[in-house]
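Read off the chains here:
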Amino acid sequence: ELSLPVMKTSDINIQMIYDESNALSLGAIVNEEGVKSAEDGGSSLTSYEVDQDESLSPLGVSLKWNNVNMKTSIVRGMPYGTMRFGKDDHTQKSVLPTFASGNRPVTILLDSKETTFKTLKTGRKNALKTGDRKMMCGTINGKPTKHNPFGQMAPISADGKAHTYSVEKEMVFHMHQSDFTWVAFFSKPVKVQCFSDIMPLVSIPGYINKVQFRLNVVEVDDGKNPEEELVVRVALLDECTTGESQMHEHCDHLKTLGYETTSGEHKVKEYLKVLREGAMSYPKSPLVGTEFPKEDDETDE
């Protein structure tokens, strides 16, 4: 699960507040048949352990899941979350990834060649605007829905069904409540479906569903290298995309810095380019060291 916490500070206290609804989860679709329960001597369906096949380092640790062929390498300072999906032991097909969030999407772009940004008339930050291919989701209950006359906040298909889309390399999706924009990279072509709830006509206080958006990979194109793992990487591209989030802490924090970050209007395209270039180059157990020059090394005067 990837999350950007809210920082609260005072003269005597610093807090990092985790907001689960604004996080993005990346996992796998698991077939529970044949998986032993903890009562029968098995392990929890979501249990994982340190991957003994990878080296530990002060900056990284690798984990593997017990009931699905899924691994990750967590590296300090890495802007990506990384998951590697192998073959299912029973079907010998690729394990299928899934994304989930407590936020509904506003826009989902597929294989954008050059995602562009524009300044809103209000002068606030960036809004995604592109002529590239967009993805529509089905409703979570699978039924068609009437369009919200005030502007439907989720990209829902006309019939409410989840249609299948092909993705060659990447997806960019902007979430509504958090105002976060995420980018996901795939090492192989995949086919995907998504499901979302919609913005209700009337805001009703009470319980909010934990999952308001889910995107499933339904097929992996193994091509000429069926033995290679499917690598999926996700990075937060912009934490203040439009400046109109339901929470303002992330945007307020950027205003206090006094300089433009990678989320800035003029740098976000450059940051996306850097993320694309490094998407399929990832460390597992990096080391940090110091090398001193030898006594007989020539030095410049």
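All of these numbers come straight from a predicted model, not from anything done at the bench.

Draft legend 1. Layout of the pattern of salt bridges. Under the definition given, this model contains 8 salt bridges. Note that Glu-54 and Arg-84 form a salt bridge whose closest N and O atoms lie 4.0 Å from each other. Here Arg-84 lies in strand 7 (residues 80–85) and Glu-54 lies in the loop between strand 4 (48–50) and strand 5 (60–65), a separation of 30 residues in the sequence. Taking the relative accessible area as the measure of exposure, Arg-84 reaches 4% and is therefore buried. For the salt bridge of Glu-170 with Arg-276, the shortest nitrogen-to-oxygen distance reads 2.8 Å. Here Arg-276 lies in helix 2 (residues 268–277) and Glu-170 lies in strand 14 (residues 170–175), a separation of 106 residues in the sequence. Each member of the salt-bridge network shares a partner with another, and the members are Glu-54, Arg-84, Glu-229 and Lys-284.

Draft legend 2. Just the state of the cysteines, in detail. In the structure shown here, the tally under the stated rule is 2 disulfides. Shown here is the disulfide that connects Cys-137 with Cys-194, its sulfur atoms set 2.0 Å apart. Disulfide Cys-137-Cys-194: torsion about the S-S bond near -105°, hence left-handed. Highlighted residues: Cys-137 in the loop between strand 11 (126–128) and strand 12 (138–139) and Cys-194 in strand 16 (residues 190–196), separated in sequence by 57 residues. Comparing Cys-137 with Cys-194 shows no difference in burial state: the two are buried. What pairs with Cys-240 in a disulfide is Cys-251, and their sulfur atoms sit 1.9 Å apart. Residues Cys-240 and Cys-251 are joined through a disulfide that is right-handed, its torsion about the S-S bond being 110°. You can see Cys-240 sitting in the loop between strand 18 (230–238) and helix 1 (249–257) and its partner Cys-251 sitting in helix 1, a full 11 residues away along the chain.

Rules behind the numbers
Residues numbered from 1 in each chain as written. Predicted model: local features only at pLDDT ≥ 70, side-chain atom pairs only at ≥ 80, totals over all residues. Heavy atoms only, no water. Salt bridge = Lys/Arg side-chain N within 4 Å of Asp/Glu carboxyl O. Helix = DSSP H or I, 4+ residues; strand = E, 2+ residues; numbered from the N terminus. Buried < 20%, exposed > 50% of the residue type's maximum accessible area, 1.4 Å probe, protein only. Disulfide = S-S within 2.5 Å.

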